[in-house]
Amino acid sequence: MTNISPKRKQPPLVAVGAAIKSLRLDRGLTQEGLAAAAGLNLSYVAAVERADNNPTLLTLVAIASALGVSVEQLLGSARV
């Protein structure tokens, strides 16, 4: 069971999730591939992309690294 954020579906979470998904698809990665590369659970990555989870800074660092971008680039593409 995932830890669903009480702030789920908030615009910043939606923007970050969409940016992660877009970068992931641009790189030809599946959610499973991104999760493995970032050392995260598949269901957690899916929940972040859906804006059901509020990822921590360390999680964003892991995701950005797995996508080959900086956290600054990740958040910049999210237009948060």
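Residues numbered from 1 in each chain as written. Predicted model: local features only at pLDDT ≥ 70, side-chain atom pairs only at ≥ 80, totals over all residues. Heavy atoms only, no water.

### Description of the overall build of the protein
Going by this rule: Secondary structure counts use DSSP, requiring at least four H or I residues in a row for a helix and at least two E residues in a row for a strand, with both numbered from the N terminus. Our radius of gyration looks at C-alpha atoms and nothing else; its globule reference is 2.2 Å times the residue count to the power 0.38. Using a 1.4 Å probe on the protein chains alone, a residue whose accessible area is under 20% of its type maximum counts as buried, one over 50% counts as exposed, and one in between counts as partly exposed. For this analysis, residues touch if any pair of their heavy atoms sits within 4.5 Å. A residue counts as positive if it is Lys or Arg and as negative if it is Asp or Glu; His and the chain ends are not included. For this purpose, a charge sits on NZ of Lys, CZ of Arg, CG of Asp or CD of Glu.
Counting secondary structure elements, the protein contains five helices and zero strands. Reading the helices (α) and strands (β) of the protein from amino to carboxyl end gives α-α-α-α-α. Compactness check: the protein gives a C-alpha radius of gyration of 11 Å against a globular reference of 12 Å for 80 residues, within 12% of the reference. Each principal axis of the C-alpha distribution contributes one length, and for the protein these read about 30 × 30 × 20 Å. Across the 80 residues in the protein, those meeting the buried criterion constitute 35%. The long-range share in the protein, meaning contacts at least 24 apart out of those at least 6 apart in sequence, stands at 65%. In the protein, the 8 positive side-chain charges and the 5 negative ones have mean positions that sit 7 Å from each other.

### Re helix 2 (residues 31-38)
Formally: The arc under discussion is defined with respect to the helix axis, by the directions toward the C-beta atoms.
All of the buried residues in helix 2 are Leu34, Ala35 and Ala38. One side of helix 2 holds all its buried residues, which, seen down the axis, span an arc of 100 degrees. Turned more than 90 degrees from where helix 2 packs its buried face, Glu32, Ala36 and Ala37 sit exposed. Considering only its buried residues, helix 2 is in contact with helix 1 (11-26), helix 3 (42-49) and helix 4 (57-67). Taken from the residues just after helix 2, glycine 39 is the one with a positive phi, measuring 70 degrees.

### Some thoughts on unusual backbone geometry
A positive phi angle, close to 70 degrees, is found at alanine 51, a residue other than glycine. Position of alanine 51 among the secondary structure elements: in the loop between helix 3 and helix 4. Residue alanine 51 is classed as buried on the basis of its relative accessible area of 1%.

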